There are 4 protein chains.
Amino acid sequence: MKHVPFKGIIAYPTTPFDQQGQVDIPLFRQLVERLVSSGTHAIAPLGSTGVLPYLMDEEKEAVTTAAIEQVAGRIPTLVGVSCLTTERTIYHARYAEKAGANAVMIIPMSYWKLTDEEIFRHYEAVASRISIPIMAYNNPATGGVDMSPALLKRLLQIPNVTMIKESTGDIQRMQYLRRELGEEVAFYNGSNPLALAAFAAGASGWCTAAPNLIPALNLALYDAVTRNDLQAANLLFYQQVDLLKFIVATGLPRAIKAGLELMGANGGYLRSPLQPLSQEETATLQQILQPLN
Amino acid sequence: MKHVPFKGIIAYPTTPFDQQGQVDIPLFRQLVERLVSSGTHAIAPLGSTGVLPYLMDEEKEAVTTAAIEQVAGRIPTLVGVSCLTTERTIYHARYAEKAGANAVMIIPMSYWKLTDEEIFRHYEAVASRISIPIMAYNNPATGGVDMSPALLKRLLQIPNVTMIKESTGDIQRMQYLRRELGEEVAFYNGSNPLALAAFAAGASGWCTAAPNLIPALNLALYDAVTRNDLQAANLLFYQQVDLLKFIVATGLPRAIKAGLELMGANGGYLRSPLQPLSQEETATLQQILQPLN
Amino acid sequence: MKHVPFKGIIAYPTTPFDQQGQVDIPLFRQLVERLVSSGTHAIAPLGSTGVLPYLMDEEKEAVTTAAIEQVAGRIPTLVGVSCLTTERTIYHARYAEKAGANAVMIIPMSYWKLTDEEIFRHYEAVASRISIPIMAYNNPATGGVDMSPALLKRLLQIPNVTMIKESTGDIQRMQYLRRELGEEVAFYNGSNPLALAAFAAGASGWCTAAPNLIPALNLALYDAVTRNDLQAANLLFYQQVDLLKFIVATGLPRAIKAGLELMGANGGYLRSPLQPLSQEETATLQQILQPLN
Amino acid sequence: MKHVPFKGIIAYPTTPFDQQGQVDIPLFRQLVERLVSSGTHAIAPLGSTGVLPYLMDEEKEAVTTAAIEQVAGRIPTLVGVSCLTTERTIYHARYAEKAGANAVMIIPMSYWKLTDEEIFRHYEAVASRISIPIMAYNNPATGGVDMSPALLKRLLQIPNVTMIKESTGDIQRMQYLRRELGEEVAFYNGSNPLALAAFAAGASGWCTAAPNLIPALNLALYDAVTRNDLQAANLLFYQQVDLLKFIVATGLPRAIKAGLELMGANGGYLRSPLQPLSQEETATLQQILQPLN
């Protein structure tokens, strides 16, 4: 149990910037506080939503520290530490552990397509240098490499790799993981439009940026599933699916920033090359978001 | 309601051949009877499982007549009438209606990729010549053309196109259909490994060859969903998922024939170029099938 | 040499229909005559351009006979005989041989994805019943099955399978074939936009419907290649590439019919579900075609 | 002309590391010298072959300076400066210009899929801060984003974006570029197995790591093309195609290191997660490489 500290709604904050292009730590703390007080079950800074790959080393450290201080142990924290090289991944994983993270999330970011052996050794090297659990994260659309179910199964042989997050958007992948790995291995859904299908398939949790905008609907979906009420889950899912599709289609950091502003909150600035949503996109988001809050 | 005659488990029989390569009508009637007496909710001859495209015109007619006579109104019958040309599709749709079919299923078989306009006119031309409802069937893996959700929505403007069967294996397609078309339009799942996810998404029924081998498990899954018991549905689904994946991966006519024989039933012969499962494939099927019966 | 009767520009006529939807044999003979007198090196009736899959058995026979009579031995004839079942493929291959075809072309049309073993046996069964050479034709976009280079290599073990036509549009496939099979095996390009790249890679010929509209340019490209004049070939290719892309994008039978009519010839009628080009498409074709004639 | 400083064989050196994982600048200079003295027409440090994304800022600067000093103006130098953020890309582009680079190469590296507008602004922002020409580089397999031909055409509106490198492996893309952009825009082939097809289509140059192992064959292919001798080009291409495919399939940095060692040269160490070729891969490379040197 201590090795699988997460279930339910795992919320991903964005990393906001100020007008000069520097990370806005005070605003980041506000965004984290919003998520914690909304009732989500865990906080995951420095994910894709948190534009991890766009940050310098010292920025990553500042965000990690700020997140853990702000959460202050009220709910568990999962810190993204993925880097292109093994050496930098180890560095940030160790930093997160010392700062008090409950677990780290690692996606095998690639430029060159990595072999299965290279990916295995990468995880093994990081795992040997930390004591907290690792969530292995598969998302070819952002990381550039697609880990097969067989490789994910192999990664679980590494003692502190105890969780898998699947974001391919292929429900059969999750079914395979549940079938092959058994019920004791926790798998998490990272594909927003698959939220209902993944819970039906047995996912332990849903890794999502949506709670920045609609935490009550996200939590209600999970509650319906835990109450074994499929009909309620189905209705709740179709209420939120348009938003889930929109934030994926336009990119999570851009969409969450725009949504926060539509709701009267401060979303901060984006770091270039990312640009704000267009006027048309913002208008569409408003149409989707308004009836939900 | 009269326009949507199907729900639940819609069972697809194979079309067996004799040793001389002719359709074996007496054996076909036995296979249909097995399905009806197993409790499935509808029978669908001349689907992909029934190797429709491999049959001559008079063979299709004989199979249609035999199926409807054998079912004898105990449950509804859905007859596949897809042909490459519009003229032949009309011919077989009219034959099926006269023979007493409750509905026809039409996939826009293509050699040349058809335009949306060509597909729309094809359905419209057939629909104008019959009075029974049409199930529009999307399956790019067999038919060769992928109808977009927007085109499927347009097809529903044709009065007797009242049902959609989706077999792309993409759960987001089904979610889109439910979201766009509303609850009054019936959509059916034709992708076996998506059985649980599709019911969770609101599918009215499951079009499947699996009841030839494991009807009790297929029916129990549907019952769990109608009882709103997600946990039971999850357990029942994982009991049968290996078989569902196997029959899709090896091809339904080949896999059902082999499974029938493993269970002591007569599966008949295949028509060339289709060949029986290899010994290794048959052994794998036995391992999967044995604990389920 | 007797087993590889083709090189250069192998021209594919359409199969025109009359207003009542019947094959228009007199017009078909005119279209064949156009191609022969334009100087193309071979004629290939009943290809994809000739809408083979949309024809009834007796229609295929009439077209075969008419083509061979019209060509009258002036250039070689390659007859398409592909059918979904092995039995029907044998039937039409034997018919073509008796009618005087120099070779037959066979694509493994599929509804169910065929295994490599099933495809091999299919070709073997047909080959054992005829004495003329077979061109094995790979085109997943129309036939629905993609034969790997390894399978194509295996097919060449069958004595009268002596030619390969590759239409995937992947130049690396052709390079692989040349490299693996050596210079003695003839491979043909069936992807119009790859005409230049395929000749550079060593293709023996180009299977194309383009000579219905621009035979002089097609022949000049081949002549430049045989003269070892790459610069001339490059210039000639870029003169015709827009037309080659257009006829592929809109579908060969539809595009050739429209082009014939723009040039003042009779293109006949199409068989439903195929529909004529839209007005916009026709206007685009005119813009492309006008400067080329 | 001053804006398109490259043609022919543009050679990509690897970035070697020492046993402690630091960039081995003396060895890097040796590898650059090998390439210059082999007769290649340009040198391109910090490409994919040079594992640009795995390097820290100061390492990139050291490699840039070393390359330009070593080449010493004998042939032009093209420096890779791609970074995930616009700010870092500008920084390294300015560094390269000051160091004396003739041009910079920029691929829009992405984590989040960038919109066309974001990519355009990214290039525009970098271009406005330097005076040397930019080669826009499209390679979805490594960069994660696929720039459409229309976007590439738009990028060429930015004054110092004057060259395009296409690495999708789709010959039709190159043909489109030539057709749309005209002969005055230089496009370069970055897909090794397409070397012959790209030159036939009119590519100005070939960006390749192969000259680290077989410079004479690479140069001879280009010479045959410039002599308008297609038959010789065809023969030369087929002599080297197996090597070209191998180095792409196993990854350029790994394959070049192994090949250098098989030829008795020092390939240095790789930076983790990259691992050396396996024994089997090395044996295969030896079989391919031996007859070529």
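One can find the structure itself at the top, above this paragraph.
First, a word on what this report is: a plain description of the structure on this page. Source: prediction; values computed, not measured.

Further remarks concern the packing of helix H1 (residues 25–37) of chain B against helix H2 (residues 57–71) of chain B. All names here are of chain B. H2 packs onto H1 with a crossing angle of 40 degrees between their chain directions and a minimal axis gap of 9 Å. As the angle between them shows, H1 and H2 are arranged oblique. For the crossing formed where H1 meets H2, the hand is right-handed. Judged by residue contacts, Ile-25, Phe-28, Arg-29, Val-32, Glu-33 and Val-36 of H1 engage Ala-62, Val-63, Ala-66, Ala-67, Glu-69, Gln-70 and Val-71 from H2.

Attention now goes to the relation of the copies chain B and chain A. Here chain B sits on chain A after a turn of 180 degrees about the axis and a move of 0.0 Å along it, with an RMSD of 0.0 Å. Considering both components of the superposition, the chain copies are consistent with a two-fold axis. For chain B, the residue whose C-alpha comes nearest the rotation axis is Ala-197 of chain B, separated from it by 2.5 Å.

Once that is clear, we can look at the interface of chain D and chain A. At the interface, 34 residues of chain D touch 34 residues of chain A. With both sides pooled, the region where chain D packs onto chain A buries about 3000 Å², and carbon together with sulfur makes up 65% of that total. For the pair chain D and chain A, the interface holds two salt bridges. Across the pair Glu-118 of chain A and Arg-254 of chain D runs a salt bridge, and its minimum N-O distance is 3.2 Å. The interface formed by chain D and chain A holds eight residue pairs in polar contact (both at pLDDT 80 or more) in total.

What follows deals with the arrangement of the chains. Regarding chain A and chain C, which are not in contact, the minimum distance between any of their C-alpha atoms is 20 Å. There is no contact between chain B and chain D; across them, the least C-alpha separation is 20 Å.

Neighbouring strands of a sheet are bound in pairs by backbone hydrogen bonds; such pairs are parallel or else antiparallel. Residues and elements named next belong to chain C. An order of S2-S1-S8-S7-S6-S5-S4-S3 is seen for the eight strands of this open sheet, with the pairing classed as parallel. Of all the strands in the sheet, just strand S2 (42–43) and strand S3 (78–80) have a single pairing partner and so form its edges. In this structure, strand S1 (residues 8–11) lies alongside S2, joined through two bridges in parallel fashion. The partner of Ala-11 across the bridge, within S2, is Ile-43.

Each partner contributes residues to the interface: chain B has 27 residues there, and chain A has 27 residues. Taken together, the two surfaces of chain B and chain A that pack against each other cover about 2400 Å², and 50% of this comes from carbon and sulfur. For Arg-179 of chain B, the salt bridge is made with Asp-242 of chain A, and the minimal N-O distance between the two is 2.9 Å. If you look at where chain B meets chain A, you find 14 residue pairs in polar contact (both at pLDDT 80 or more).

What counts as what
Residues numbered from 1 in each chain as written. Chains lettered and ligands numbered in written order. Predicted model: local features only at pLDDT ≥ 70, side-chain atom pairs only at ≥ 80, totals over all residues. Heavy atoms only, no water. Axes fitted to C-alpha atoms, helices over the stretch in contact; angles between N-to-C directions. Helix = DSSP H or I, 4+ residues; strand = E, 2+ residues; numbered from the N terminus. Parallel < 35°, antiparallel > 145°, perpendicular 65-115°, else oblique. Left-handed = near helix turned anticlockwise from the far one by under 90°. Contact = heavy atoms within 4.5 Å. Least-squares fit on C-alpha atoms with pLDDT ≥ 70 in both. Buried area = accessible area lost by both parts, 1.4 Å probe. Salt bridge = Lys/Arg side-chain N within 4 Å of Asp/Glu carboxyl O. Polar contact = N/O pair within 3.5 Å; in protein donor to acceptor, adjacent residues only side chain to side chain. Pairing = 2+ DSSP bridges.

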